Amino acid sequence: MDSNKKYWKGLEELQQTPAFVEKSKGEFAEPIPVEDVLNEAGLSTRTPRRDFLKALGFGLGAVTLAACERTPVHKAVPYLIKPEEITPGIPNFYASSFKGQSVLVRTREGRPILLEANPSAVGLNCGTDASAQASVLDLYDTSKLKGPKFNGADISWDELDTHVVTALDAAQAAGKQIRIISSTINSPSAIAAIARFTQKYPNARLIEVDTVSYSGIIKANQNSFGKAVVPHYRFDNADVIVSVAADFLGTWLSGEEHTQQYIGNRDYKSLQKGKMSRHIQFEGGMSLTGTNADVRVAIKPSEEGPLLIALYNAITGSNLPGALNANQKAQTALKLVVQELQQARGRAVVVTGANDVAMQTLTNAINVALQSYGSTIDLDNPSYQYKGDDEAFAAFLAEANRGDVDAALFLDSNPLYSYPNVAAVKEALGKIKFKLSFSDREDETASELDAIAPSHNFLESWGDANPRGGYYTIVQPTINPVYNTRQAEHSLLLWAGEKTDYYTFVKNNWEQQLLVGSSKTWKDVLQTGFEFKGDQPATAYSFDFSTLGAIANAITSQSKALAKDVEVQLYQSVALKDGKQGNNAYLHELPDPVSKVTWDNYAALNPKFAESLGLGENSLVEVADDNGYKITLPVLMQPGQAMGTVSIALGYGRTKVGKAGNGVGKNAYPFAKLVNGTLQFNTTAKLSKAGGTYELAQTQTHHTIEGRNVIRETTFAKYKENPGHNAGRWTDSHKTYDLWNKYEQPGHKWVMAIDLNACTGCGSCIVACNIENNIPVVGRDEVRRRREMHWLRIDRYYAIEQNGNSYTKEDEIRDLDDMESVSVVHQPMMCQHCEHAPCETVCPVLATVHSSEGLNHMAYNRCFGTRYCANNCPYKVRRFNWFNYWNDSRFDNYLNNEFTQLVLNPDVVSRSRGVMEKCSMCIQRIQAGKLKAKIEKRPLKDGDITLACSSACSANAIIFGDANDPNSEVSKALKNERVYYVLEEINVQPGIGYMTKVRNTFEA
């Protein structure tokens, strides 16, 4: 049953560094910080001798009282006239939309507290990513503007309207241009509002530009097929997936939708049918998608184009120049990849992450040769999530510099932060007479403009979205505007002389345009949240292969330009993405799925490459490009990183975003380059030692599994021979003894099954758990002290396998020439709700007890923080409240103010200092589901209760339910041959079963 691989959580565990060895000797990071506790109480331990007894007495009293302290009681003011739709204590759900995805917004007493995927949505029915889960906190952000501004001073909306209309009229009268610069707009009503605006001002034009661009794909499709769109990819139709640096499960296009499609061919239901897709990933930095691949090959960014040329040549028998001929590992893998693709014609897809027209055009040619269009690639129902045009924005800067633009309005656009050439933007803006931003805060761009007309948060807005062909979602407000803001579309209508309010405008647009021919009414749409008109038939497309000679030459030229100095890969982190939510503390504290770093970006280097440069973990390195831009970043030793490359996350280095996000990390956008009309995020730079160190805040490196068998892994071929391979139960071959009496559990028995094949490690479940259960943000310094509060973590385990050999000894791994060939397994880990819970037997006050329904409960009022339970927990899933995070000035950058605390779930108590806490299996949701069934006088059904983590998961990797119901999904899942229980050998009888990881490798 033991795995034949050596798994390790990080290099510090693999190399047994002195600091790691020292920390791993004790159960806890450090003793209780009595000095800090007393300082918070207004005392100090540094007292004169005569004050010793006074300080000691008060100090002990403070600690004791802190353990018992609870949220202060406020007077409850009843409704004078209760709104008809609100019942105190009962949540209301409203259908809305976040970035085009239909969601349900849960509100309590009129305030939104949580987002969940709309389970009835058709077309894009998938879970939510971390940014969607955390977005509810943005509503209560105190860094936002309280009203409009003009020339830096507060102003009324009427006064602002007068200034704006005067400037617009003057520009129109002078024959000058008016430009609306925005990120992608896929809202039909917003587009209609802008059209109404341009009727009043014919010189106005919308320019869409995305912070992270996909215009390379759009232009390639225009050149190849006459369709200037981003395709709708169908990974659920693919038997073989080849990705060249496209993080399609993470941040490339629609990660959560792709995840649902991808897992449909890889989860336990698919495996039971004897079916599993094969996924091969070529990339430089270790991405979320790369960690999930069956086969991952590390290549440099300069090798991406030559690899595509080699792939095309092998598939079609052509002889385009510039094919890859240096990377032996990639060439070996390529031969097997070509065989797989040819056998899967019509059921295969090749995707490329580079924003390069030539590379995307060649990718189109490969997919046409593989007969992918109409099956795995759909151009007839395209994606409208990214429509930005890099050339259009460059043209705007040019016309502004010529003095042709007199008015510019910026909507969801912040180019003074995110555009690579900030100096060019500043120069252009300096020549525009009137400049306005619709930003909700004085961000890097808005603070430099003449006026700010702050727009609503999406939870305060009316609107809609058309994320892909035939699919429309509605946006409806769930709360009145918190500040004196006004929706941007409404402002445009007012300035155009339109007297209709925006709600009426949206309603009319739907009734007169979108609902024509539909059986739905406007009221139906508000209830369901979406309208799906159905897909147009997807067709195949032809390609003019005669153009590929010039394409290959362009790719070769670009690749040669990259093959110098150190190659830089700029990428979006799964949490922060492009940085627009840069003041969201939940996202900053979400560990990166691969590196487990919070609160910073860094220079990710292959450990062997870093050693060759004389750099160590947390060393500071200066990264400098040819244009003179340089930043200093801490080094992260990243196994799997291609030699000679460095990966740096975008979205950091904000300076005017808010208290939580200002000064976090460094801005890497200036490293991007505008090449041949598109922004390129692969570039080159010089690295040099900066001196000194900087400790990154990581969440996993302070734990060790001591070689225990917690991860089980097998290949698809071995699984087909023996579905239970490498998942054997310890109890099958060992007799067990019980120290506890057995009791019947005739009611419910709440358990969970986790499919390691489905979990991608994205972390959306972590944020959902944080929001649902009022888990506090502790900040960078506390994470460094190993005090993160997450109830749910996703452990990342590395293993190395090269040339078919599994390396099982630490010294063998350390002696490898490189550490590029690394595989990764993600494992969600939370309280296991053990039947024989070792935490319960050591608690002196019965604060942690077992329920009749199989759950391990925590009675916070009883707990006084001995931490014995955490000491005795073999899974290390309990958290200790070192501070009263909700009422301590040291944490006021995060959630420590009365306004942001409006995000708290009133169904869950906010724990105080000195209390242990851990996963409760969302007991409040369980009780609510049982109560609802009781009120409706019916038995509880499977699916009535969903946990925050499981409902957020796009992959359905977390399955919750009643084990006493033989027909429940969890009961069926736990009967799967792949199920095993972590540390089952110590006989704690955990209530969470895991399914063995299966990889569809070539070696199988």
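The coordinates are above.
Residues numbered from 1 in each chain as written. Predicted model: local features only at pLDDT ≥ 70, side-chain atom pairs only at ≥ 80, totals over all residues. Heavy atoms only, no water.

**Student:** Can you explain the overall build of the protein? Please cite residues and give values.
**Tutor:** If you tally the helices and strands in the protein, you get 31 helices and 42 strands. Taken across its 1004 residues, the protein has 62% of its residues classed as buried. Of the contacts made within the protein by residues no fewer than 6 positions apart, 75% connect residues no fewer than 24 positions apart. Working note: accessible area of the protein is about 38200 Å², and carbon and sulfur atoms make up 50% of it. (Helix = DSSP H or I, 4+ residues; strand = E, 2+ residues; numbered from the N terminus. Buried < 20%, exposed > 50% of the residue type's maximum accessible area, 1.4 Å probe, protein only. Contact = heavy atoms within 4.5 Å. Areas by Shrake-Rupley, 256 points an atom, 1.4 Å probe, with all protein chains shown as cover.)

**Student:** How would you sum up helix 17 (residues 422-429)? Please name residues and give values.
**Tutor:** All of the buried residues in helix 17 are Ala424, Val425, Ala428 and Leu429. Taken down its axis, helix 17 places every buried residue within 130° of arc, on the same side. Along helix 17, exposed side chains directed more than 90 degrees from the buried face belong to Ala423 and Lys426. Contact partners of the buried residues in helix 17: helix 15 (390-401), strand 14 (405-411), helix 16 (415-418) and strand 15 (434-437). (Arc of directions from axis to C-beta.)

**Student:** Explain the sheet that holds strand 15 residue by residue, including any values.
**Tutor:** Strand order across the open sheet formed by seven strands is 5-4-16-15-14-6-7, with mixed pairing between neighbours. Edge positions in the sheet fall to strand 5 (153-154) and strand 7 (204-208), since each of these pairs with one other strand and no more. For strand 4 (residues 149-150) and strand 16 (residues 451-452), the ladder comprises two bridges, and the chain directions are antiparallel. Looking at strand 16, one finds that phenylalanine 150 is bridged to alanine 451. (Pairing = 2+ DSSP bridges.)

**Student:** Before we move on, can you summarise the pairing of strand 28 (residues 682-693) with the specific residues and values?
**Tutor:** Taken together, the four bridges between strand 20 (residues 566-572) and strand 28 define a ladder with antiparallel strand orientation. Looking at strand 28, one finds that glutamate 567 is bridged to threonine 684. Strand direction decides the pairing type here: strand 23 (residues 619-624) and strand 28, joined by five bridges, are antiparallel. Across the sheet, the residue bridging to alanine 624 is lysine 686, located in strand 28.

**Student:** I'd like a rundown of the pairing of strand 11 (residues 295-298), residues and numbers included.
**Tutor:** Both faces of the sheet carry side chains from a regular strand, because those side chains alternate between them. Burial along strand 11 is two-sided: Val295 and Val297 facing one way and Arg296 and Ala298 facing the other are all buried. Here strand 10 (residues 278-283) pairs with strand 11 via four bridges, running parallel. Directly across from phenylalanine 282, in strand 11, lies its bridge partner valine 297.

**Student:** Give me the side chain of glutamine 924: which residues, what numbers.
**Tutor:** Looking at where glutamine 924 falls in the secondary structure, it is placed in helix 29 (residues 923-935). In terms of polar contacts, glutamine 924 uses its side chain to reach the side chain of asparagine 773, at 3.2 Å. Not counting residues up to four positions away in its chain, the partners in contact with glutamine 924 are Glu772, Asn773, Asn905, Asp907 and Val908. (Polar contact = N/O pair within 3.5 Å; in protein donor to acceptor, adjacent residues only side chain to side chain.)

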